[in-house]
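So the chains spell out like this:
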Amino acid sequence: AGAIKSLTKTKTGYVVVVGKGVTDDLGASIYYSTSFTSGFTKVLDMSLSTDRVAISWNHDGPSGNTIGFVGEYTQVLNTPHKLYMTLDGGQTWRMIKATTITDATKNSHWHNACYDQYSGKIFASHGDFSNSRFYVSTDLAYTWTELTVTDNDYGLVNPIPGLQPIILIPTPNKIVMASDAL
């Protein structure tokens, strides 16, 4: 049996993310319940596992709902990792993006994603090294634009090119980021 990766109370219920085993390649599952004590229903099976760094929630999503993201985060090489999103507090999920692999000898896993309630945009980041990418979506993750962290129109500044953001925090005028310590 695997470990609980995350337990979150949303506006509609409770979401638990559980690893399926002790190795990354066994995957993870997401469970949902409207009541913490009345049982949980599995709502998503992921082919790879995750880590708490790749799980984020915003309780002020579209239409006042809780929006959440769970990204596959493992050390499994040469395998695209998927990013999933819920717009209804964890009841349903859809895969919204897979990582891009440039170097098959390096990790290509999700670091973070966030919904910016000020602009309505979604930002997402994956890495590592030459597999690092940073994206924005303006249509709730149906289409994506890749951003370079050092040259963009979103107020984002990274003085050390090549380090990818692992923490994304929306503010009224910018996205505050913290880079991975590679």
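The structure under discussion appears in the preceding block.
Here is a short report on the structure shown in this document. If you're wondering where the values come from, they're calculated on a predicted model, not measured in any experiment.

Remarks on the sheet that holds strand 12 (residues 145-146)
Part 1 of the argument: Across the sheet, four strands lie side by side as 9-10-11-12; this open sheet has antiparallel pairing. For this open sheet the edge positions go to strand 9 (109-116) and strand 12, each flanked by a neighbour on one side alone.
Part 2 of the argument: Pairing of strand 10 (residues 121-127) with strand 11 (residues 133-137) involves five bridges; the strand directions are antiparallel. The residue of strand 11 that forms the bridge with S125 is F134.

Side note on the pattern of salt bridges
Part 1 of the argument: For the structure on display, the rule yields three salt bridges.
Part 2 of the argument: A salt bridge links D45 to K42, with the nearest nitrogen and oxygen atoms 3.6 Å apart.
Part 3 of the argument: Here R133 makes a salt bridge to E146, at a shortest N to O gap of 3.6 Å. Here R133 is found in strand 11, whereas its partner E146 is found in strand 12, with 13 residues between them in sequence.
Part 4 of the argument: On the basis of relative accessible area, R133 is assigned to the buried category, the value being 15%.
Part 5 of the argument: Taken together, the shared-partner salt bridges in this structure form one network comprising K20, K42 and D45.

Here we look at the environment of K11
Part 1 of the argument: Note on placement: K11 falls in the loop between strand 1 (4-9) and strand 2 (14-19).
Part 2 of the argument: Spatially, the C-alpha atoms of K11 and G90 are 9.5 Å apart, while their sequence positions differ by 79 residues.
Part 3 of the argument: Here G64 takes part through its backbone oxygen, which lies 2.9 Å from a polar atom of the side chain of K11.

What to know about the pairing of strand 6 (residues 67-71)
Part 1 of the argument: Judged by how many residues are buried, strand 6 sits mostly within the fold: five of five residues are covered.
Part 2 of the argument: A two-sided burial pattern is seen for strand 6, the buried positions comprising I67, F69 and G71 on one face and G68 and V70 on the other.
Part 3 of the argument: Of the pairings in the sheet, the one linking strand 5 (residues 55-58) to strand 6 comprises four bridges and is antiparallel in character. In the strand pairing of strand 6, S56 is matched with F69.
Part 4 of the argument: As judged from the four bridges shared by strand 6 and strand 7 (residues 82-86), these two strands associate in the antiparallel manner. Its bridge partner lying in strand 7, G68 is registered against T86.

Quick notes on the side chain of T10
Part 1 of the argument: Turning to its location among the elements, T10 is positioned in the loop between strand 1 and strand 2.
Part 2 of the argument: Given the relative accessible area of 3%, T10 is considered buried.
Part 3 of the argument: At 2.9 Å, the side chain of T10 and the backbone oxygen of G89 are in polar contact.
Part 4 of the argument: For T10, the residues in contact, after removing those within four places along its chain, are V15, Y32, W57, H59, T66 and G89.

Details of the packing of aromatic side chains
Part 1 of the argument: According to the stated counting rule, one finds five aromatic pairs in the structure shown.
Part 2 of the argument: Relative to F40, the ring of F36 has its centre 6.1 Å away and its plane inclined at 90°; by these criteria the two rings are edge-to-face.
Part 3 of the argument: Its relative accessible area of 45% is what places F36 among the partly exposed residues.
Part 4 of the argument: For the ring pair W57 and W93, a centre distance of 6.0 Å and an interplane angle of 80° mean the geometry is edge-to-face. Taken together, the residues W57 in strand 5 and W93 in the loop between strand 7 and strand 8 (94-98) connect sequence positions 36 residues apart.
Part 5 of the argument: Given the relative accessible area of 13%, W93 is considered buried.
Part 6 of the argument: Among the aromatic residues, ring-to-ring pairing joins Y14, F36 and F40 into one connected group.
Part 7 of the argument: In this structure, R94 packs its charged tip against the face of Y142, placed 3.9 Å from the ring centre.

Definitions and cut-offs
- Residue numbers restart at each chain and count upward from 1, following the sequence in its written direction.
- Residues qualify for local features only when their pLDDT is at least 70, as the model is predicted, and side-chain atom pairs are given and counted only at 80 or more; totals for whole chains, interfaces and linings, by contrast, use all residues.
- Excluding hydrogens and water, the side-chain values take into account all heavy atoms of the structure.
- Should DSSP find at least two bridges between two strands, the strands are regarded as paired.
- Elements are defined by DSSP. Helices are runs of H or I of four residues or more, strands are runs of E of two residues or more, and each kind is numbered from the N terminus.
- In what follows, salt bridge is the name for a side-chain nitrogen of Lys or Arg lying within 4 Å of a carboxyl oxygen of Asp or Glu.
- Only protein chains enter the accessibility calculation, which uses a 1.4 Å probe; a residue whose area is less than 20% of its type maximum is buried, one above 50% is exposed, and one in between is partly exposed.
- We call two N or O atoms a polar contact when they sit within 3.5 Å, provided that within protein one can donate a hydrogen and the other can accept it, with sequence-adjacent residues counted only if both atoms are side-chain atoms.
- By definition in these notes, contact holds between two residues if any of their heavy atoms fall within 4.5 Å.
- Only Phe, Tyr and Trp rings take part, Trp by its six-membered ring, and two of them pair if their centres are within 6.5 Å. Stacked means planes under 30 degrees apart, edge-to-face means over 60, and tilted covers everything else.
- Both a distance and an angle decide whether a charge sits over a ring: NZ of Lys or CZ of Arg must be within 6 Å of the ring centre and within 35 degrees of the ring normal.

Taken by themselves, the reported measurements are silent on function.
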